[in-house]
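Examining the three-dimensional arrangement
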Amino acid sequence: MGIFSAILGNAGSVSQEDLLKKYGQLLTDNEEIEMGFKLIRDTFIFTNKRLILVDVQGITGSKTEYKSIAYKSITRFSVETAGTFDLDAELKIWVASELQPSIVKQFNKSVNVYDVQKVLAFHVLG
């Protein structure tokens, strides 16, 4: 089911060690990776200071955008759990005063969406 979930665009957990090896150069002093997820070629990382979205672009994947979102700019978020017939959970994040979610990500069942919500709530609610 893992390859099928990846093809459908669902995210799966990535170890902190793997994230640190690949994206450690993005971190500031005293910044630590708390959790991260991979979505086919893209990755998003929750640190103790911000949310980092890694967007691999193009057919060859040679161009990459690194987007940082300060937790203080996140105004609201929602988590939708997977249902009986719906195989994925969904995370929506609104940044600043946008009416539509700025970020929408889907997770396969291997990810505990409550853990994602807990980290986000901790940082956004302070």
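In this text the structure is predicted, and so the values were computed from the model without any measurement. (Residues numbered from 1 in each chain as written. Predicted model: local features only at pLDDT ≥ 70, side-chain atom pairs only at ≥ 80, totals over all residues. Heavy atoms only, no water.)

A count of helices and strands for the protein gives 3 helices and 8 strands. Reading the helices (α) and strands (β) of the protein from amino to carboxyl end gives α-β-α-β-β-β-β-β-β-β-α. Residues counted as buried form 37% of the 126 residues belonging to the protein. Within the protein, counting contacts between residues at least 6 apart in sequence, those at least 24 apart form 37% of the total. (Helix = DSSP H or I, 4+ residues; strand = E, 2+ residues; numbered from the N terminus. Buried < 20%, exposed > 50% of the residue type's maximum accessible area, 1.4 Å probe, protein only. Contact = heavy atoms within 4.5 Å.)

Time to look at the side chain of histidine 123. Tracing the backbone through its elements, the reader meets histidine 123 in helix H3 (residues 113-125). Discounting chain neighbours no more than four positions away, the residues touching histidine 123 are Glu34, Thr47, Asn48 and Tyr71.

This part covers the side chain of threonine 43. Here threonine 43 shows up in strand E3 (residues 42-47). Note on threonine 43: relative accessible area 3%, which makes it buried. Setting aside its immediate chain neighbours within four residues, threonine 43 contacts Leu19, Tyr23, Phe37, Lys38, Ile52, Leu53 and Val54.

With that settled, the discussion passes to the environment of leucine 99. By secondary structure assignment, the location of leucine 99 is in the loop between strand E7 (89-95) and strand E8 (103-107). Using a relative accessible area of 73% as the deciding quantity, one classes leucine 99 as exposed. Aside from chain neighbours lying at most four places away, what touches leucine 99 is Arg76 and Trp94.

By themselves these figures say nothing about function.
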